[in-house]
Amino acid sequence: PRSRPRARARAARLATCLAIAGAMAPAPAGALFHFAHIAEVNARGGNDPTNQYVEIVMESSGQNLVANSVLSAWDCAGNFLGDLLVVPGNVISGDNRRWIMATKNPVGGITRDFEIPSAGIPLACGQVCWGAPGSLPPTDPNSWSRSNLSNFVDCVAYGPYTGATRVGSR
């Protein structure tokens, strides 16, 4: 008869300890660059097809580990054209901070964070995708397939584009 109250007390102490331990356990880390999206694609800034840029918005702080992420392009029918840029470095963190990948001649006083070596964004229609697979900082861009659109963070299709796009893209 006396062992029941002791057993209940031990069970209650154990439950309390487990609850405290659970509360102190580290929460899973969010992705280090996935809470971001393509905000704007401009294939012909100032009506000049050599003035091209893509703007990314980080939706929260801590989304700045973008080195080795990839910006790629597709034609109107959804055929992969190639990589426009392998991002060479990281950016400054910040909630709703914007950063830009642009050709040498961005229009309107835009300051680029990274230079796209040559204009490659299709003019009439197409798709641009940015990102890398996984939630850790991007690794070797040659280690993953561009044909799997889920490997990108975001894609933007424009014009009469008829190809596949990433599920959940804006």
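Above: the structure in question.
In this text the structure is predicted, and so the values were computed from the model without any measurement. (Residues numbered from 1 in each chain as written. Predicted model: local features only at pLDDT ≥ 70, side-chain atom pairs only at ≥ 80, totals over all residues. Heavy atoms only, no water.)

Asker: Sorry if this is basic, but what is going on with the sheet that holds strand S1 (residues 36–42) here?
Answerer: By definition, the strands of a sheet pair up through backbone hydrogen bonds, in either a parallel or an antiparallel sense. Spatial ordering of the open sheet is given by S1-S2-S5-S6, a layout of four strands whose pairing is mixed. Across the chains shown, the open sheet's two edge strands, defined by having one partner strand only, are S1 and strand S6 (114–115). (Pairing = 2+ DSSP bridges. Helix = DSSP H or I, 4+ residues; strand = E, 2+ residues; numbered from the N terminus.)

Asker: Please explain the packing of aromatic side chains as it appears in this structure.
Answerer: The description of an aromatic ring pair rests on the distance of the ring centres and on the angle between the ring planes. Applying the stated criterion across every chain yields a total of six aromatic pairs. Considering the side-chain rings of tryptophan 99 and phenylalanine 114, the 5.8 Å spacing of their centres and the 90° angle between planes classify their relative orientation as edge-to-face. Highlighted residues: tryptophan 99 in strand S5 (residues 98–102) and phenylalanine 114 in strand S6, separated in sequence by 15 residues. The same class applies to tryptophan 99 as to phenylalanine 114, namely buried. With 5.6 Å between their ring centres and 75° between their planes, tryptophan 99 and tryptophan 130 make a pair best called edge-to-face. In this pair, tryptophan 99 is assigned in strand S5 and tryptophan 130 in strand S7 (residues 126–131), connecting sequence segments 31 residues apart. Taking the relative accessible area as the measure of exposure, tryptophan 130 reaches 0% and is therefore buried. Taken together, Phe33, Trp99, Phe114 and Trp130 form an aromatic cluster joined through their ring pairs. (Phe/Tyr/Trp six-rings, centres within 6.5 Å; stacked < 30°, edge-to-face > 60°. Buried < 20%, exposed > 50% of the residue type's maximum accessible area, 1.4 Å probe, protein only.)

Asker: It is not clear to me how the environment of alanine 67 should be interpreted in this structure. Could you clarify?
Answerer: Here alanine 67 is to be found in the loop between strand S2 (53–58) and strand S3 (70–74). Taking the C-alpha atoms as reference points, alanine 67 and proline 141, separated by 74 residues in sequence, lie 9.9 Å from one another. Not counting residues within four places of it along the chain, the set of residues in contact with alanine 67 comprises Val87, Pro88, Gly89, Asn90 and Pro138. (Contact = heavy atoms within 4.5 Å.)

Asker: What is the right way to look at the sheet that holds S3 in this model?
Answerer: In space, the four strands of this open sheet follow the order S4-S3-S7-S8, with antiparallel pairing throughout. Of all the strands in the sheet, just strand S4 (80–86) and strand S8 (154–158) have a single pairing partner and so form its edges. Taken pair by pair, the neighbouring strands of this sheet meet at an average axis angle of 15°, ignoring direction. As defined by bridge partners, S3 adjoins S7 across five bridges and the pair is classed as antiparallel. The partner of serine 72 across the bridge, within S7, is cysteine 129. (Axes fitted to C-alpha atoms, helices over the stretch in contact; angles between N-to-C directions.)

Asker: Got a minute to help me understand the side chain of glutamine 52 in this structure?
Answerer: Position of glutamine 52 among the secondary structure elements: in the loop between S1 and S2. Relative accessible area serves as the criterion here: at 2%, glutamine 52 is assigned to the buried category. Within the structure, glutamine 52 has its side chain in polar contact with the backbone oxygen of alanine 43 (distance 3.1 Å). Here glycine 120 takes part through its backbone nitrogen, which lies 2.9 Å from a polar atom of the side chain of glutamine 52. The residues touching glutamine 52, leaving out its near neighbours within four places in the chain, are Asn42, Ala43, Met101, Ala102, Thr103, Ala119, Gly120, Ile121 and Leu123. (Polar contact = N/O pair within 3.5 Å; in protein donor to acceptor, adjacent residues only side chain to side chain.)

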